[in-house]
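# Examination of the molecular architecture
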Amino acid sequence: MKIEDEDMPKKILLVDDEPLILKGLKYSLEQDGYVTESAMDGEEALAKVFDGQYDLILLDVMLPKMSGFDLIGHIKHVPVIFLTARDSERDRIAHIEPPCWWTGIRTPLQIMVHGKDISSYSVSIEGGKGVSVTGTHKAESPNYLFADVAISDKATAGIYELVFSKDGESFSYPYEIAQRREGSAQRKGFDSSDAIYLIMPDRFVNGDKTNDNSTLTTEQADYQAFFGRHGGDIQGIIDQLDYISGLGMTAIWNTPLLEDNEPTSSYHGYACSDYYHIDPRYGSNDLYKEMVAEAHKRGIKFIFDVVTNHCGTAHWWAGDFPSSDWVHNGDKPLITNHGWMMQSDPVNRSVRDQKMMEEGWFDYSMPDMNLENPLVFNYFRQLYCWWIEWADLDGVRVDTFPYNEKWSMARWTRSILEEYPNLNIVGECWNAVPAICAYWEGDSNNRDGYSSGLPSVMDFPLQEKISMGLSSHPEGWMWGGHGVYASIMQDFLYGNPNTLLTFLDNHDIARFMKPGDPVWKFKQGLAFL
């Protein structure tokens, strides 16, 4: 991308709200000898112009319209070139997921391309060695195309171009294949030696009040509403890392930070509307990565909250799913009966009830994903590899694990652990009966031969007995200290009870400590753990 003017100084500011386009422009210009800096919005660009000397600004023509910020009105002394070609590509390509990938990863890469009538195009990849498109898959919707991409052991890292061709014409879109960080595959996850601090980000600390509301999302902050958004964010967590470390915590599990654009009650984050972007009311992808890095400096691991069972009705693909079986009951929502216990019952379960449990929506705002669709399975398999790799994570917690198709989830777990053999994955299997929880622990010897592959499950049976045992329940064989022992004595049902994640409470249940409870109760509870 040479700018043909021999007398032109070479310091250029690139302004575009698409990180990958910025990377592509930066790479191309620097190959030609230009010095570049980048900004993702008008305000950031203006600050950079005031702080530094630039000879030219390359500006996405759509950015002033989308942001509502009059950058041009503030900049009179620097020449501006509008990137109108990028406007054309933006119209053709709405989403590319995953947004980038790495050399040296075993998990197959299948890029989902979303854009108007994109399935009528052929696609190839150019710009380097050892990377090629080996196959494509069309969906029922003409607005999706899935490309299988092979990355050889000798592939070079860099910015490639996805080239879309049709009727003798073509256009391209930048795609980064980055260098994988050394030792990434052998990262060590959290284990029973860690003390985990659970955070519901919206209700923790508001470190940046400027992002409490966003033009990109529907629900606005309401600090008094019980189910409203209260403003907690990533910066607030960063600000409190020293405090968390001082408590003796060695890991953080936060409830989902991905975009949840439901019109109400979006604070919990479990109805995802964009799997590859942090909710702007929390911060940004880059700030999330910074938070993980800052935690690591303090010896704190980070656990990602994974939701494979459902998305949100506000997800960008809602209304135009790739296929009619992308989610279950897409035309007429059916709510699950929540009877996931029957998944472990090979004798008495009702096939009809089990189907309703597996395929029913968790809530009217949470469409149920169909992991038996190979394209859906691949999407979720590489999605969480992407976040682990990109943000340098130390483990994952899987929400509503038994609500999924169990055999598909066993494949999913094995796939993640094949990529990261020392990572820990803990499944939420919410039941107080040890035999039912034990069914989902990967090393358990189940009658039907099923193994989830999970290294760990959450010990809900022990949680309930500790909570009841230290409350006002009467003494008896199943109550008080006897009840705690009655739970522990059933640990023989687990393949490896030493990997169980023990806890006193979490975001879904009543707090262990009630108003007026004595301090000794809290100390005794921690002693049991």
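Our subject in this report is the structure included herewith. (Residues numbered from 1 in each chain as written. Predicted model: local features only at pLDDT ≥ 70, side-chain atom pairs only at ≥ 80, totals over all residues. Heavy atoms only, no water.)

## Side note on unusual backbone geometry
In most cases, non-glycine residues show a negative phi, while peptide bonds are predominantly trans. Following E97, the chain continues to P98 via a peptide bond in cis, the omega torsion being -5°. Counting through the fold element by element, P98 comes out in the loop between β5 (95-97) and β6 (100-102). The phi torsion at S265 lies on the positive side, around 55°, for a residue other than glycine. Tracing the sequence through the fold places S265 in the loop between β15 (258-259) and β16 (274-278). According to the relative accessible area criterion, S265 is partly exposed, its value standing at 26%. Phi angles above zero are rare outside glycine, and D392 is one such case at about 65°. (Helix = DSSP H or I, 4+ residues; strand = E, 2+ residues; numbered from the N terminus. Buried < 20%, exposed > 50% of the residue type's maximum accessible area, 1.4 Å probe, protein only.)

## Things to note about a nonpolar patch on the surface
Residues Y485, I488 and M489 make up a contiguous nonpolar surface patch of roughly 300 Å² in combined accessible area. Along the polypeptide, Y485 turns up in helix α14 (residues 480-488). By relative accessible area, which is 48% here, Y485 ends up partly exposed. (Patch = residues over 30% accessible without salt bridge, like charges linked within 9 Å, V, L, I, M, F, W, Y side chains within 5 Å. Areas by Shrake-Rupley, 256 points an atom, 1.4 Å probe, with all protein chains shown as cover. Salt bridge = Lys/Arg side-chain N within 4 Å of Asp/Glu carboxyl O.)

## Focus on the packing of aromatic side chains
Overall, the coordinates contain 37 aromatic pairs when judged by the stated rule. Relative to Y403, the ring of F362 has its centre 5.2 Å away and its plane inclined at 75°; by these criteria the two rings are edge-to-face. A residue pair is termed long-range when its members are at least 10 positions apart, and F362 in the loop between α9 (351-359) and β19 (368-369) and Y403 in the loop between β20 (395-398) and α11 (406-419) qualify at 41 residues. By relative accessible area, F362 is classed as partly exposed at 27%. With a centroid separation of 6.1 Å and an interplanar angle of 85°, the aromatic rings of Y384 and W412 are classed as edge-to-face. With Y384 in helix α10 (residues 374-391) and W412 in helix α11, this residue pair connects regions lying 28 residues apart in the sequence. (Phe/Tyr/Trp six-rings, centres within 6.5 Å; stacked < 30°, edge-to-face > 60°.)

## Let's talk about the sheet that holds β6
One open sheet holds the four strands; their spatial order is β6-β12-β11-β8, and the pairing between them is mixed. Both edges of this open sheet fall to β6 and β8 (122-126), since each of them pairs with a single strand only. Between one strand axis and the next, the sheet turns by 35° as a mean value, whatever way the strands run. Here β8 runs beside strand β11 (residues 158-166); their pairing, made up of five bridges, is antiparallel. Along β11, the bridge assignment pairs S124 with V163. (Pairing = 2+ DSSP bridges. Axes fitted to C-alpha atoms, helices over the stretch in contact; angles between N-to-C directions.)

## A word on the environment of T103
With respect to the helices and strands, the residue T103 is situated in the loop between β6 and β7 (109-114). Distance from T103 to A178, taken between C-alpha atoms, is 6.3 Å for residues 75 residues apart in sequence. Excluding its chain neighbours within four sequence positions, the residues that come into contact with T103 are I151, A155, T156, A157, I177, A178, Q179 and R180. (Contact = heavy atoms within 4.5 Å.)

## Observations concerning empty space enclosed by the protein
Per the stated rule, a full pass over the model turns up two cavities of 30 Å³ or more. Lining the largest cavity are P256, L258, G269, Y270, C272, Y275, D305, V306, V307 and Y384. Among the residues forming the lining of the largest cavity, the class breakdown is eight nonpolar, one polar and one charged. Along the walls of the second largest cavity sit N254, T255, P256, L257, L258, I278, F304 and D305, which together make up its complete lining. Among the residues forming the lining of the second largest cavity, the class breakdown is five nonpolar, two polar and one charged. (1 Å grid on protein atoms, 1.4 Å probe; cavity = no way out; pocket = protein on both sides within 12 Å on 5 of 7 lines; lining within 4 Å. Points joined across faces, edges and corners; volume = space filled by probe spheres on them. Nonpolar A, V, L, I, M, F, W, Y, C, P; charged D, E, K, R; others polar.)

## A few points about the nonpolar core
Counting residues in each nonpolar core, the largest one holds 101 residues, and the members touching the most others are F164, Y275, Y288, W317, F380, W387 and W412. When residues of this core are assigned to their parent elements, the largest contribution, 13 residues, is made by α10. Ignoring sequence-local partners within four residues, the contact set of Y275 consists of L258, V307, H310, C311, H315, W317, Y379, F380, L383, Y384 and W387. Of all hydrophobic cores here, the second largest spans ten residues; its members include A251, F460, L501 and F503. (Core = buried A, V, L, I, M, F, W, Y, C linked by side-chain atoms within 4.5 Å.)

## As for the pattern of salt bridges
For side chains of opposite charge, pairing can occur when their charged atoms come near one another. Inspection of every chain in the model, using the stated rule, returns 19 salt bridges. Between R281 and D279 there is a salt bridge whose closest N-O contact spans 2.9 Å. Here R281 and D279 have matching classes, each one buried. Between D448 and K406 there is a salt bridge, with its nearest N and O atoms 3.2 Å apart. With D448 in the loop between α12 (434-439) and β22 (456-457) and K406 in helix α11, the pair connects residues that are 42 residues apart, well separated along the chain.

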